[in-house]
Protein chains: 2
Amino acid sequence: MIENEIFKALADPTRRAIFEKLAAGRMNASALRHGMAISQPAISQHLSVLRKARLVREERQGRVVNYEVDPEGLSLIAGWLERYRAYWPTRVAALSELLKDMEP
Amino acid sequence: MIENEIFKALADPTRRAIFEKLAAGRMNASALRHGMAISQPAISQHLSVLRKARLVREERQGRVVNYEVDPEGLSLIAGWLERYRAYWPTRVAALSELLKDMEP
DNA sequence: TCAAAACATAAGCACACACTTATGTGTTTG
DNA sequence: CAAACACATAAGTGTGTGCTTATGTTTTGA
């Protein structure tokens, strides 16, 4: 049940902050730490959680590990959200209708 | 920071199950409990969390309290998701572009 | 090859969280 | 009015979570 891991991962504000930083561009763990009053292991643990939730993916380059947003997790949330499109505000719901007519 | 409450609320599988039931139609707390191996106070507490997260709203009718999906919370998540539309898969991203041209 | 750099993992701790049982608060009905 | 209903709140408990410091692992560079 990956949904659970995604929502749990996003339920922590520090993790969302990390995710937002990565959304601005790929970055390594040390760079992510800049400006955050948190230890290096904490960042590493958060990244591990985000990675298991498919919200982030890593790419090792030498002794540096670069992280970037993984679209997989985001699209899984989008999929979950779409199950409740009947309750979305009209402007969002209208979009959802368009979606159904697009590429299968 | 309502975002935090929303994600925290959805991070629990029991709460998501309750939400899914409500998505099928408005219901009172007792009806929600049917088929769930959980105590009455637990349901009540979960509903409180969902309500504070704007995912659910209540309407008292006599001694019965009916619950239903509140679009507010869903649209807040949709808004959060949209911030990262650059990373969505193409078919979702295309939709997001359309959204921007619709009603302001 | 040896030290430093960049992370990951281990272990421990304080707090949050999801549950329980017990009790309280309104509301309806006989 | 009193008993029954429908639900909320209180209080307590085990488990999970986020953090820390300490230590491990791999890679680079002098």
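My aim in this report is to walk through the structure given alongside it, one point at a time. (Residues numbered from 1 in each chain as written. Chains lettered and ligands numbered in written order. Predicted model: local features only at pLDDT ≥ 70, side-chain atom pairs only at ≥ 80, totals over all residues. Heavy atoms only, no water.)

Some words on the sheet that holds strand β2 (residues 56-61) of chain B
All names here are of chain B.
So, step 1. With antiparallel pairing, the three strands of this open sheet are ordered in space as β1-β3-β2. Every interior strand has two partners, whereas the edge strands, β1 (27-28) and β2, have only one.
So, step 2. Pairing geometry for β2 and strand β3 (residues 64-69), over six bridges, is antiparallel. By the bridge assignment, R57 is partnered in β3 with E68. (Pairing = 2+ DSSP bridges. Helix = DSSP H or I, 4+ residues; strand = E, 2+ residues; numbered from the N terminus.)

Some words on the environment of A24 of chain B
Residues and elements named next belong to chain B.
So, step 1. You can see A24 is positioned in the loop between α2 (13-23) and β1.
So, step 2. Looking at A24, the relative accessible area reads 73%, which means it is exposed.
So, step 3. Considered as a pair, A24 and E68 are 44 residues apart in the sequence and their alpha carbons are 9.2 Å apart. (Buried < 20%, exposed > 50% of the residue type's maximum accessible area, 1.4 Å probe, protein only.)

Comments concerning the protein's contact with DNA strand C
So, step 1. Residues in contact with DNA strand C amount to 23 residues; listed here are only the nearest, S30, S44 and Y67 of chain A together with S39 and H46 of chain B.
So, step 2. Backbone atoms, meaning sugar and phosphate, make up 61% of the atoms of DNA strand C lying within 4 Å of the protein.
So, step 3. At 2.3 Å, a side-chain N or O of S30 of chain A approaches a phosphate oxygen of DNA strand C.
So, step 4. Here Y67 of chain A contributes a side-chain N or O atom positioned 2.6 Å from a phosphate oxygen of DNA strand C.
So, step 5. Breaking the surface near DNA strand C down by element, the ones donating at least two residues are α3 (29-33), α4 (40-52) and β3 (64-69) of chain A together with α2 and α4 (40-52) of chain B.
So, step 6. Classifying every residue of the surface near DNA strand C by side-chain character gives eight nonpolar, ten polar and five charged. (Near = heavy atom within 4 Å. Polar contact = N/O pair within 3.5 Å; in protein donor to acceptor, adjacent residues only side chain to side chain. Nonpolar A, V, L, I, M, F, W, Y, C, P; charged D, E, K, R; others polar.)

Regarding the pattern of salt bridges
Side-chain pairs of opposite charge can arise where the charged atoms are in close proximity.
So, step 1. Counting across every chain of the model gives 18 salt bridges over all chains.
So, step 2. The shortest N-O distance in the salt bridge between E3 of chain A and R83 of chain A comes to 3.7 Å. A residue pair is termed long-range when its members are at least 10 positions apart, and E3 of chain A in helix α1 (residues 2-10) and R83 of chain A in the loop between α5 (71-82) and α6 (90-100) qualify at 80 residues.
So, step 3. A residue is classified by how much of its surface remains accessible, and E3 of chain A, at 24% relative accessible area, is partly exposed.
So, step 4. The class for R83 of chain A is partly exposed, based on a relative accessible area of 45%.
So, step 5. Residue R54 of chain B pairs with D70 of chain B through a salt bridge whose shortest N-O separation is 3.9 Å. (Salt bridge = Lys/Arg side-chain N within 4 Å of Asp/Glu carboxyl O.)

Regarding the packing of aromatic side chains
So, step 1. One pass over the structure, following the stated rule, counts eight aromatic pairs over all chains.
So, step 2. On the basis of an interplanar angle of 75° and a centroid distance of 5.0 Å, the ring pair of F19 of chain A and Y84 of chain B is categorised as edge-to-face. With F19 of chain A in helix α2 (residues 13-23) and Y84 of chain B in the loop between α5 (71-82) and α6 (90-101), this pair bridges two chains. The same class applies to F19 of chain A and to Y84 of chain B, which are both buried.
So, step 3. An aromatic cluster of at least three residues, connected via ring pairs, comprises F7, W80 and Y84 of chain A together with F19 of chain B. (Phe/Tyr/Trp six-rings, centres within 6.5 Å; stacked < 30°, edge-to-face > 60°.)

Here we look at the protein's contact with DNA strand D
So, step 1. In the neighbourhood of DNA strand D, 23 residues make up the surrounding shell, with S39 and H46 of chain A together with S30, S44 and Y67 of chain B lying closest.
So, step 2. Sugar and phosphate atoms constitute 60% of the interface atoms of DNA strand D, taking the interface as everything within 4 Å of the protein.
So, step 3. Residue T14 of chain A places a side-chain N or O atom 3.3 Å away from a phosphate oxygen belonging to DNA strand D.
So, step 4. Of all elements in the fold, only α2 and α4 of chain A together with α3 (29-33), α4 and β3 of chain B reach the threshold of two or more residues within the surface near DNA strand D.
So, step 5. Residues that form the surface near DNA strand D fall into these classes: eight nonpolar, ten polar and five charged.

Observations regarding the packing of helix α1 (residues 2-10) of chain B against α5 of chain B
Residues and elements named next belong to chain B.
So, step 1. Between α1 and α5, the least distance of the axes is 10 Å, while the angle of their chain directions is 105°. When the axis of α1 is compared with that of α5, the two are roughly perpendicular. Contacts from I2, E3, I6, F7 and L10 in α1 reach G73, L76, I77 and W80 in α5. (Axes fitted to C-alpha atoms, helices over the stretch in contact; angles between N-to-C directions. Parallel < 35°, antiparallel > 145°, perpendicular 65-115°, else oblique. Contact = heavy atoms within 4.5 Å.)

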